[in-house]
Amino acid sequence: MLTLAADIEVLARFGRALADPIRCRILLALREAPAHPADLADTLEISRTRLSNHLACLRDCGLVVAVPVGRRTRYELADERLGHALDDLRTAVVAVEADKACVDADDKGCC
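Residues numbered from 1 in each chain as written. Predicted model: local features only at pLDDT ≥ 70, side-chain atom pairs only at ≥ 80, totals over all residues. Heavy atoms only, no water.

A word on the pairing of strand β2 (residues 72–77)
Then, in step 1: One ladder, built from 6 bridges, connects strand β1 (residues 64–69) with β2; its direction is antiparallel. Across the sheet, the residue bridging to Val67 is Arg74, located in β2. (Pairing = 2+ DSSP bridges. Helix = DSSP H or I, 4+ residues; strand = E, 2+ residues; numbered from the N terminus.)

Here's the deal with the environment of Ala12
Then, in step 1: Along the chain, Ala12 turns up in helix α1 (residues 7–18).
Then, in step 2: Between the alpha carbons of Ala12 and Cys61 there is a distance of 8.9 Å; along the sequence they are 49 residues apart.

Brief notes about the nonpolar core
Then, in step 1: Within the largest apolar cluster, 21 residues are counted, with the highest numbers of intra-cluster contacts made by Ile26, Leu27, Leu30, Leu51, Leu58, Leu63 and Val64.
Then, in step 2: Counting only elements with at least two residues in this core, the list comes to α1, α2 (21–32), α3 (37–44), α4 (48–60), β2 and α5 (80–91).
Then, in step 3: If sequence neighbours within four positions are ignored, Leu51 has contacts with Ile26, Pro37, Leu40, Ala41, Leu44 and Ile46. (Core = buried A, V, L, I, M, F, W, Y, C linked by side-chain atoms within 4.5 Å. Buried < 20%, exposed > 50% of the residue type's maximum accessible area, 1.4 Å probe, protein only. Contact = heavy atoms within 4.5 Å.)

Description of the pattern of salt bridges
Then, in step 1: Within this structure, the stated rule accounts for 6 salt bridges.
Then, in step 2: Residue Arg74 is joined to Glu76 by a salt bridge in which the shortest nitrogen-to-oxygen separation is 2.9 Å.
Then, in step 3: Judged by its relative accessible area of 25%, Arg74 falls in the partly exposed class.
Then, in step 4: For Glu76, a relative accessible area of 22% puts it in the partly exposed group.
Then, in step 5: In this structure, Asp87 and Arg90 form a salt bridge, with 3.5 Å as the shortest nitrogen-oxygen distance. Of this pair, Asp87 and Arg90 are both found in helix α5, 3 residues apart, which corresponds to roughly one turn of the helix.
Then, in step 6: Taken together, the salt bridges that share partners define one network made up of Arg31, Glu32, Asp87 and Arg90. (Salt bridge = Lys/Arg side-chain N within 4 Å of Asp/Glu carboxyl O.)

Regarding the packing of α2 against α4
Then, in step 1: It is at 10 Å that the axes of α2 and α4 come closest, and there the two elements cross at 75°. In terms of orientation, α2 lies roughly perpendicular with respect to α4. Along the contact surface, α2 presents Ile22, Arg23, Ile26 and Leu27, while α4 presents Arg50, Leu51, His54, Leu55, Cys57 and Leu58.
Then, in step 2: Each residue belonging to the contact of α2 with α4 can be placed in one class, and the counts come to 7 nonpolar, 1 polar and 2 charged. (Axes fitted to C-alpha atoms, helices over the stretch in contact; angles between N-to-C directions. Parallel < 35°, antiparallel > 145°, perpendicular 65-115°, else oblique. Nonpolar A, V, L, I, M, F, W, Y, C, P; charged D, E, K, R; others polar.)

In structure tokens:
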């Protein structure tokens, strides 16, 4: 049975998903349309194994769902509002100086 996560947990799940560029690319691709893993792997030019690992993470975060279609599985965003949220995040203006990065980015796993 699915349960609704608390607001902070939802944001944390979304943050974990967006922390990896490949997962961002997967989410943006699924924002356009549902897709089968083989097609996603080809579109994103990554191995099916690597894609599978990232899809598992996105499923665990609750952002995508696997929908059986005959003998195949199609992936789609768990909620259409996630597509709107991705659009909003993509177009948000962030205050970052172009020539500066987080000093401890590698150690802290940020930026």
